[in-house]
Amino acid sequence: MNFTGVWKRVNMPKESRLAFCSSWEDHLHSNHFGKSTSSIIHLVAVFPLLMLASLLTPSVTPVTAKPHNILVDTDVDTDDFFAILYLLKQNRSEINLKAITINANSWADAGHAVNQLYDILYMMDRDDIAVGVGGEGGILQDGTMLPNDLSTVGGCRYRQAIPSGLGGQLDVDTNFGIRKAFLPQGKRGYSPLGQPTAQEVIIQTLSSGPATVIIIGAHTNFAIFLMTHPHLKKNVEHIYVMGGGVRSMNPTGCCPENSKSVCRIGQCGDHGNLFTGYTSNPYAEFNIFLDPFSAYQVLHSGIPITLVPLDATNTIPISKDFFMEFQQKQMTYEAQYCFKSLKMARDTWFDDQFYASYFMWDSFTSGIAVSIMRNGHVHNGENDFAEMGYRNITVVTSNTPYGIYDGSNPFFDDRTVPKFHLQKGGVHSGHVQMGLLDRFCLVKNGKGKCQDGYTKEVTGPHSARVLVAKTAKPNRDPASLLDREFFNDFLHVLSAPQQSGRFNLTTQFPYYKEILYMPNFGNIRRGKGVVFDMDMSIGDFVALIYLLKVPVNVIEIKGILVSCNGWANAATIDVIYDLLHMMGRDDIPVGLGSFFALGQENALLSTVGDCKYRKAIPYGSGGFLDSDTLFGLSRMLPRSPRRYTAENSVKFGAPRDTDHPELRQPIALEVWESIAKTLDPGQKVTILTNGPLTNIAKILAAGPNATSIIETVYIVGGYTNEANTRSGGNLFTFPSNKDAEFNIFLDPLGAKAVIESILDVVLIPLNIQRKVSSFHHILKNLKVEKTPEAKFVHRLLSRLYHLQRKHKSYHHMGMFLGEVLGAAIMVADPVLKAAMDVARLTVLANGDLSTDGQIRVDKQGSLIRIVSTLDEFAYYGHLANLLGSKNQSAVIGSFREQKRMWTTPNTGRNW
């Protein structure tokens, strides 16, 4: 079957080990992973943060002055790259952005964040700037770094305050969908074991001489550096921090004066800005809250610090006049990128108070820092943009009463000697907030009482004297519509032609066009309708390529559902779109599914939740970092015109329509319902699920109308405890749970609902998957195949095999090979000689991490077919032959081929 050119024009505008660190408490609280933490703190990274260091060399005269070298530590949120672009636009003879480090336990996920940074720097012609990703490793009690102890598994005690989907990590990772539509793609990108670590970049930068550091996210990276390399502290001339709230009073969530209607006060008057958690902690600001102990280490380091807290940023909200002026001053690519991002933030804001509640946080901090440096740090931080003053403050890391150990404090609980020899009964020895719904923190009919992350004014030996920005200065021109002095400077800097971006994606190529590839199957009779439910693990992508290669008269892919609580983060949906584009299947709908396992959503706010089960997946090497980037190969795929966007519509519950609501990303249940409407009477579909069963469980919960069209559910997952085997499950991060498999463990309640339902279920368990998990045999068979998709799979699996042999962080790579088997079993090619047993099964889902997700034979369980045997060597040949077939092959093989098309006036294509 051939794909003809039914292409539609889319109306859119033209290497060393990677380090990860999450909060100290998360690492210290990792005893349940089966690893001893008595002598080592395992530092897990959940979010990326950028570090800027700048050299403040005293100058005798402006002629001989040396530039201030800057290192930025960032979490790559929207306002962060506003700040970074502002710094990149400065005169390099004065302000030289030298390095950026990403903090991986904040608003962005490391893989998406690092590639966005590389693309921004490429646009700005600054590929010379080093980029490091924050921190795998261990630290002994004496502060010795153990770089070879890679442990990136940990909880989300603080990070759970950040929404996972809309308005949170998904929108930050994709920059609302603008990132892939606008930024050009250069040669730099994440590569496993080749990506510099945050610690390496910090050490290299500060070893070369004095520098200034700007921290605009959580403080984990820099706290580790200070503890492990105290001899380099002398080269840190100054630290600028955006974070905290000292005397701040939150202006949002207040009731209008003289309001006659019932009004419930939100964050009004709070010191902090935790909009997802103020009912338990009204004192903390996000950047400090995400790792209070690390912030304490930085604040009390003895290094001169300038803090730009909410006190100051609350006085510089984005005004409507500023927004309108910005819209008129998009003279550079960097200004365009920032404005597009700001506009989408406004258009998707959750209420009608955007202009009163969206502030210049990190960009304002960068402006203050630049102005103070230019003034030579004179007159108590005199600068053009903010009023300054000194405060004696600390960072609260635990709550009173001190010295009463209740199981919440990993520094002291169950330890004869506290970690880092902290003082018993001291300021770190109280209750440490356990989550957004910590009962210790909640106060009936009142604001919460926990203060973790509060930048509190104190006196005595536990205080640090810090220069603090108090308020934004008004515009010197009282007649100007821009009421803050920094507004003028920010717009002037971003729109100036100096140090400007070279191009964006659409202007980089003279013949750039966006094409949708639609297949033309003619009158061919369609085969079995299939819906593929995937969590975007590496095995799932290979399985998707396999399904796309199966002749359409055997199976017809009706749609794809994405589980966002599995092996990749939600923004990785863009890789699905790119792969479908490569294979000429831009017709297949993709629905975004659940972000949390059943029962893990926050009871008060469903956009946030716990990571009780998902924390079993490593955040760094061999985990999310590699899944989100397809082990560094996602950028090889051609770019699809389809991508996740935050575009939305009132029709679907949004507060307002955005500019292009037709581009809205559908959710999984909507895709399922649309598929149901296209079926003929009596027609049913088969589901193949390769991840946690959350989406299928929610379809079941939607009622009989939603489930009546299901013929069979093929489940790739689970482990059946056979009498003649001792191999066990594959939860290598939870060795206490010996018989669980990841896909079932990631949502035990969801698995229980599906497996114990009335649906016809076929289980492809770990037992049989292991029989087809030989890298040697798969690669040997694939080596001779020449189609673009076969070459891509061969390169992908070769990389996994190489990593498995090279580093222990990748020891589990073989388990992804078996995930392709479910697709082959569903296709039912007789060459496989597959056979099935039947048993009555139940799923354990009692909330006990040592047993949840285990599948047991039970006379009261549901009758399940279980794949028990097959010819594995026939399978290897079958897989290679199908991927190597010229039938239904890729229509555009790679991003490189796409670039050639965009740079050649006549490609021979029928546009």
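The shown structure was predicted, so the numbers you read here are calculated from the model rather than taken from an experiment.

**Thoughts on the state of the cysteines**
Argument step 1. A complete count under the given rule lists three disulfides for this structure.
Argument step 2. A disulfide bridge connects Cys254 with Cys268, and the sulfur atoms are separated by 2.0 Å. One disulfide, between Cys254 and Cys268, carries an S-S torsion of 95 degrees and so falls in the right-handed class. With Cys254 in the loop between strand E10 (236–242) and helix H8 (286–289) and Cys268 in the loop between E10 and H8, the pair connects residues that are 14 residues apart, well separated along the chain.
Argument step 3. For Cys254, a relative accessible area of 33% puts it in the partly exposed group.
Argument step 4. With a sulfur-sulfur separation of 2.0 Å, Cys441 is cross-linked through a disulfide to Cys450. Every disulfide takes its handedness from the sign of the S-S torsion; for Cys441 and Cys450 that torsion is -70 degrees, giving left-handed. Take Cys441 and Cys450: they sit in the same class, and that class is buried.

**Comments concerning the pattern of salt bridges**
Argument step 1. For the structure shown, the criterion picks out 28 salt bridges.
Argument step 2. The salt bridge involving Asp347 is made with Arg346; its shortest N-O contact spans 3.0 Å.
Argument step 3. By relative accessible area, which is 22% here, Arg346 ends up partly exposed.
Argument step 4. One continuous salt-bridge network, built from bridges that share partners, spans Lys343, Arg346, Asp347 and Asp659.

**Some thoughts on the pairing of strand E24 (residues 862–869)**
Argument step 1. Summarising the sheet, strand E21 (residues 761–764) and E24 pair through two bridges and their orientation is parallel. Looking at the pairing, Leu763 lines up with Ile866 of E24.
Argument step 2. Pairing of strand E22 (residues 835–843) with E24 involves seven bridges; the strand directions are antiparallel. By the bridge assignment for E24, Ala839 is matched with Ile864.

**Details of a nonpolar patch on the surface**
Argument step 1. Taken together, Leu437, Leu442, Leu604 and Leu605 make up a surface patch of nonpolar side chains, about 330 Å² in accessible area.
Argument step 2. With respect to the helices and strands, the residue Leu437 is situated in the loop between strand E12 (386–395) and strand E13 (455–457).

**Thoughts on empty space enclosed by the protein**
Argument step 1. Of the volumes computed, that of the largest cavity is approximately 340 Å³.
Argument step 2. Along the walls of the largest cavity sit 29 residues, with Ser164, Gln169, Phe596, Cys611 and Arg614 positioned nearest its centre.
Argument step 3. In terms of residues, the lining of the largest cavity owes the most to one element, helix H4 (residues 169–174), which gives three residues.
Argument step 4. Split into classes, the residues belonging to the lining of the largest cavity amount to 16 nonpolar, seven polar and six charged.
Argument step 5. Volume-wise, the second largest cavity comes out at about 250 Å³.
Argument step 6. Lining of the second largest cavity is provided by 20 residues; of these, Arg179, Lys180, Asp578, Ser634 and Arg635 occupy positions nearest its centre.
Argument step 7. Counting residues per element, the ones that place at least two in the lining of the second largest cavity are helix H3 (110–123), H4, helix H5 (178–182) and helix H18 (573–582).
Argument step 8. At four residues, H3 tops the list of elements feeding residues into the lining of the second largest cavity.
Argument step 9. The class makeup of the residues in the lining of the second largest cavity is three nonpolar, eight polar and nine charged.

Thresholds, definitions, all that
- Along each chain, the written sequence defines residue order, and numbers are assigned to residues from 1.
- Totals for whole chains, interfaces and linings use all residues, but because this is a predicted model, local features are given only for residues with pLDDT of at least 70 and pairs of side-chain atoms are given and counted only at 80 or more.
- Calculation of side-chain values draws on the structure's entire complement of heavy atoms; hydrogens and water are dropped beforehand.
- Throughout, disulfides are identified as pairs of cysteine sulfur atoms within 2.5 Å of each other.
- Secondary structure is summarised from DSSP: a helix means a run of H or I of at least four residues, a strand means a run of E of at least two, and numbering begins at the N terminus for each.
- Whether a residue is buried, partly exposed or exposed follows from its accessible area with a 1.4 Å probe, protein chains only, as a fraction of its type maximum: under 20%, in between, or over 50%, in that order.
- By definition, a salt bridge exists where a carboxyl oxygen of Asp or Glu is found within 4 Å of a side-chain nitrogen of Lys or Arg.
- At least two bridges found by DSSP between two strands is the condition for calling them paired.
- Residues enter a patch when their relative accessible area is above 30% and they make no salt bridge; the linking distance is 9 Å between like charges and 5 Å between nonpolar side chains (Val, Leu, Ile, Met, Phe, Trp, Tyr).
- In this description, accessible areas are obtained by the Shrake-Rupley approach with a 1.4 Å probe, and a residue is regarded as covered only by the protein chains that are shown.
- Cavities and pockets were defined on a 1 Å grid built from protein atoms only: a cavity is a group of points that admits a 1.4 Å probe but offers it no way out, a pocket is an open group of points flanked by protein on both sides within 12 Å along at least five of seven lines, and a lining residue is one with an atom within 4 Å of any such point.
- Grid points are joined across faces, edges and corners, and a volume is the space filled by probe spheres set on the points.
- Here the nonpolar group is Ala, Val, Leu, Ile, Met, Phe, Trp, Tyr, Cys and Pro; Asp, Glu, Lys and Arg are the charged ones; every other residue, Gly included, is treated as polar.

Purely geometric numbers; function is a separate question.
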